[in-house]
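One-letter residues, chain by chain:
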Amino acid sequence: MAAALDLIDDVAAEIFLRLPPDEPEHLIRASLVCKPWFRLLTDPDFLRRYRAFHRTPPLLGYTQRRRVLQGDPDPRLIPTTAVPLTPNPSFRRALDCRHGRVLLHVYGSVLHLLVWDPVTGERKPVLEPPINCLIYSAAVFCAVSGCDHLNCHDGPFKVVFVATDECYDQVKACVYSSETGAWSTPVILGNGCEAYVRHKQDAMDNGGVLGMFYTPYVQPRRGAVIGDGIYFTLRWGSAIVKYDLGKNCLSMIDPPAHDAYYIALMEMEDSTLGFACIQGWNLYLWSRKVGLEGDAEWIQCKVIELEGMIPVDSPDDVAVVVGYAEGVGVIFVATDAGLFTFQLESGRVRKVDEPKVYFSILPYMSFYTPDCGKAMACKGEHSLTSYVLLK
């Protein structure tokens, strides 16, 4: 009899293992059927297998950033699944989503930051960065070396903050560590960088036409984290700024397309820096390949015709890239008809929101499993389990 029950549990585990992670309610509902299934679906060994089987955390929601003149969007994380996340903190704007965490600029007289985990509800305040910032961007990421980022909710994290200093028109960057609770001394992007000098001279030469475009404004766009490199963009022809975490320095990279304004930086499958934009109705993907001697070049790796695939509001409508969800191969595309996800491999298009002003989508990706709902219930938090029970 015991052997038969073990066999049933083994078969059930194999079925549960294949439930899609982008609809977490399936696992939660199964965990509420009976105590044996609950024990199975909250067992650490099963959860490790489940995450390893699916390999990449699913897209559970998104928020966004806009350009300064566009005004801030609604301060909330919008779910892309049928289940709720923990309640949104009160915040002014979101800066980044990565490795199961959301970096927020919360209300206050100074630049107060908060790292929030929408699955567990954990909130960790971050000190004000030591930069007099005019326009800024930031990236939050797991600080554990070698982590697969499948379940690093409670681990240490780092924040890289990059900004245009409002006093000196300089690009500066610094790093916060949750382990030390302190920021590093800011570093400056300076005249030692050849690309920086060239872009600066171009901006000065065009100063009579472009006016304030001389200032190297950091764009409020989601960056890319690839190894020790954290990448952001400037308004100077979408030039790319790289902060090297290991060397604690800033450098600049020329983009593959200088005339593309709506772009997305990403990590490619081979762990190189990727660049995506739409020109006409073609989606262009580039990868930055670095040679053995350190020389690098952009390689155009894919061109996808989007006309007729992405819904539009009128014949004159255009499509623009406003984000990328790494690991799941999803590009966010905006038109006057709304916000859409485009699956690079399958070509599947899904509408996720109505027409609004979009600039940079911040996708939130994480596994949401029954153990998370149990932990939230123990804290008295709003939980996915309670949601399912009410359905």
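Residues numbered from 1 in each chain as written. Predicted model: local features only at pLDDT ≥ 70, side-chain atom pairs only at ≥ 80, totals over all residues. Heavy atoms only, no water.

- In the annotation of an unreviewed UniProt entry, the chain is listed under the name F-box domain-containing protein and assigned to Eleusine coracana subsp. coracana.

**Here we look at unusual backbone geometry**
Thinking step 1. Positive phi outside glycine occurs at His149, with the angle close to 60°.
Thinking step 2. With respect to the element layout, His149 can be found in the loop between strand E7 (133-142) and strand E8 (157-165).
Thinking step 3. In this structure, Asn248 takes a positive phi of about 55° despite not being glycine.
Thinking step 4. Looking at the secondary structure, you find Asn248 in the loop between strand E14 (240-244) and strand E15 (249-253).
Thinking step 5. Residue class for Asn248 comes out partly exposed when judged on its relative accessible area of 35%. (Helix = DSSP H or I, 4+ residues; strand = E, 2+ residues; numbered from the N terminus. Buried < 20%, exposed > 50% of the residue type's maximum accessible area, 1.4 Å probe, protein only.)

**Section: the sheet that holds strand E19 (residues 296-305)**
Thinking step 1. Reading across from one edge, E16-E17-E18-E19 is the order of the four strands in this open sheet, with antiparallel pairing throughout. Two strands in the sheet have a free side with no partner beyond their single neighbour: strand E16 (263-267) and E19. Strand after strand, the sheet turns through a mean of 25° between neighbouring axes, direction not considered.
Thinking step 2. Two strands pair when backbone bridges link them, and strand E18 (residues 282-290) and E19 are joined in this way by nine bridges, in the antiparallel orientation. In the strand pairing of E19, Arg288 is matched with Trp298. (Pairing = 2+ DSSP bridges. Axes fitted to C-alpha atoms, helices over the stretch in contact; angles between N-to-C directions.)

**Side note on the packing of aromatic side chains**
Thinking step 1. Tallying each qualifying case throughout the model produces 14 aromatic pairs.
Thinking step 2. A network of ring pairs unites the aromatic residues Tyr136, Phe157, Phe161, Tyr176 and Trp183 as a single cluster.
Thinking step 3. Here Arg65 stacks its cationic end above the ring of Tyr136, 5.2 Å away from the centre of that ring. (Phe/Tyr/Trp six-rings, centres within 6.5 Å; stacked < 30°, edge-to-face > 60°. Lys NZ or Arg CZ within 6 Å of the ring centre and 35° of its normal.)

**Focus: the nonpolar core**
Thinking step 1. Counting 21 residues, the largest nonpolar core has Phe141, Val160, Val171, Ile230, Leu234, Tyr243 and Leu250 as the members making the most contacts within it.
Thinking step 2. When residues of this core are traced back to their parent elements, those giving at least two are E7, E8, strand E9 (171-177), strand E13 (229-233), E14 and E15.
Thinking step 3. For this core, the element with the highest residue contribution is E9, accounting for three residues.
Thinking step 4. Residues contacting Tyr243, with those up to four places away along its chain left out, are Val160, Ala173, Val175, Val187, Asp228, Gly229, Ile230, Asn248, Cys249 and Leu250. (Core = buried A, V, L, I, M, F, W, Y, C linked by side-chain atoms within 4.5 Å. Contact = heavy atoms within 4.5 Å.)

**Regarding the sheet that holds strand E6 (residues 123-126)**
Thinking step 1. Spatially, four strands are ordered E3-E4-E5-E6 in an open sheet, and the strand pairing comes out antiparallel. The strands lining the two open edges of the sheet, one partner per strand, are strand E3 (93-98) and E6. Shown here is a sheet whose adjacent strand axes are inclined to one another by a mean of 20°, direction ignored.
Thinking step 2. In the sheet, strand E4 (residues 101-106) pairs with strand E5 (residues 112-116) via five bridges, with the strands oriented antiparallel. Directly across from Leu104, in E5, lies its bridge partner Leu114.

**What about the confidence of the model for the chain?**
Thinking step 1. This prediction gives the chain a mean pLDDT of 85; 86% of its residues lie at or above 70.
Thinking step 2. Segment residues 208-212 is flagged for pLDDT under 50; beyond a separation of four residues in sequence, or across chains, it makes three contacts in the model.
Thinking step 3. For residues 377-391, every residue scores under 50 in pLDDT, and the model assigns this stretch 32 contacts once sequence neighbours within four places are set aside. (pLDDT = per-residue confidence, 0-100.)

**As for the pairing of strand E17 (residues 273-279)**
Thinking step 1. Among the seven residues in E17, six count as buried, and that is most of the element.
Thinking step 2. Two elements, E16 and E17, share five bridges in a ladder whose sense is antiparallel. Its bridge partner being in E17, Glu267 is matched across the sheet by Leu273.
Thinking step 3. Count of turn residues in the E16/E17 antiparallel hairpin: five residues, of which Ser271 carries a positive phi of about 65°.
Thinking step 4. Pairing geometry for E17 and E18, over seven bridges, is antiparallel. Looking across to E18, one finds that Ala276 is bridged to Leu285.
Thinking step 5. As consecutive antiparallel partners, E17 and E18 are separated by two residues, and within that stretch Gly280 has a phi angle of approximately 70°, a positive value.

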